[in-house]
Amino acid sequence: MFRYLLVCFIGCFALPNPSFAQQDSTPTPKDIQLIAEFTNADYNMGNVPVGKGGEFNVYIKNISAKDTLMIIDVKVSCGCTTPKYRSNDPILPGKSSYITLGYNGSGGGPFTKFADIIFQSGQSKQIKFSGVAVSEPAPAEPGKKN
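Every value quoted in this text rests on a predicted model; they were computed, and no experiment measured them.

1. Digging into the packing of aromatic side chains
- Overall, the coordinates contain 6 aromatic pairs when judged by the stated rule.
- With centroids separated by 6.5 Å and ring planes inclined at 70 degrees, the aromatic side chains of Phe111 and Phe129 adopt a geometry described as edge-to-face. Here Phe111, found in strand 8 (residues 109-119), pairs with Phe129, found in strand 9 (residues 124-134); they are 18 residues apart in sequence, far enough to count as distant. Grouping residues by exposure puts Phe111 and Phe129 together as buried.
- Within the aromatic cluster, the residues linked to one another by ring pairs are Tyr43, Phe56, Tyr103, Phe111 and Phe129.

Written out as structure tokens, the structure is:
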């Protein structure tokens with residue numbers, strides 16, 4: 001009798017039963033493009049002075065009727081890129097915000113860099129920017145004509 005009860009217990013409760021599987025109640029994140037518009041998401045910085053760099057703004061407008069956006073992080077592709085943003089500041093429906101991305105111009109020549117804006121709901125948007133790091137001409141020596 002004990003073995004019979006043990007087999008029943010194992011068969012009914014211990015083995016996985018798909019009818020008791022919990023459904024994931026977390027909704028799948030929406031496509032960020034459906035709730036936000038991005039300006040300068042693919043930005044050409046043009047010529048950037050080597051060693052001086054430059055920066056530009058990426059504008060984010062919440063086009064949702066009901067969802068609030070919140071930037072929680074900006075991940076950059078290398079140490080030559082610096083993001084400035086207001087973490088955990090809500091972007092209400094119809095409102096806008098921005099992040100500033102800077103490039104230090106450490107290397108000469110063409111560059112392409114990436115930054116990922118991460119939102120509170122797990123959504124993200126990749127920003128791409130490019131340009132050419134150029135050396136500035138040396139100042140002419142006094143009394144000498146070019």
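2. Structural notes on the pattern of salt bridges
- Using the criterion set out here, one finds 3 salt bridges in the structure.
- One salt bridge connects Glu55 with Lys84, and the closest N-O pair in it is separated by 3.1 Å. One end of the pair, Glu55, is in strand 3 (residues 54-62); the other, Lys84, is in strand 5 (residues 81-84), and 29 residues separate them in sequence.

Conventions and cut-offs
Each chain has its residues counted from 1, following the order in which its sequence is written. With pLDDT at 70 or above as the cut-off, local features in this predicted model cover only qualifying residues; side-chain atom pairs require 80 or more to be listed or tallied, and sums for whole chains, interfaces and linings still use all residues. For the side-chain quantities, the full set of heavy atoms in the structure was used; hydrogens and water were omitted. Each Phe, Tyr or Trp ring, with Trp reduced to its six-membered ring, pairs with another whose centre is within 6.5 Å; inter-plane angles below 30 degrees give stacked pairs, above 60 give edge-to-face pairs, and intermediate values give tilted ones. Only DSSP runs of H or I covering at least 4 residues are called helices, and only runs of E covering at least 2 are called strands; the numbering of each starts at the N terminus. The buried label applies to any residue whose accessible area, calculated with a 1.4 Å probe on protein chains only, is under 20% of its type's maximum; exposed applies above 50%, and partly exposed to all values in between. We define a salt bridge as a contact between a side-chain nitrogen of Lys or Arg and a carboxyl oxygen of Asp or Glu at a distance within 4 Å.

On their own, these measurements won't tell you what the molecule is for.
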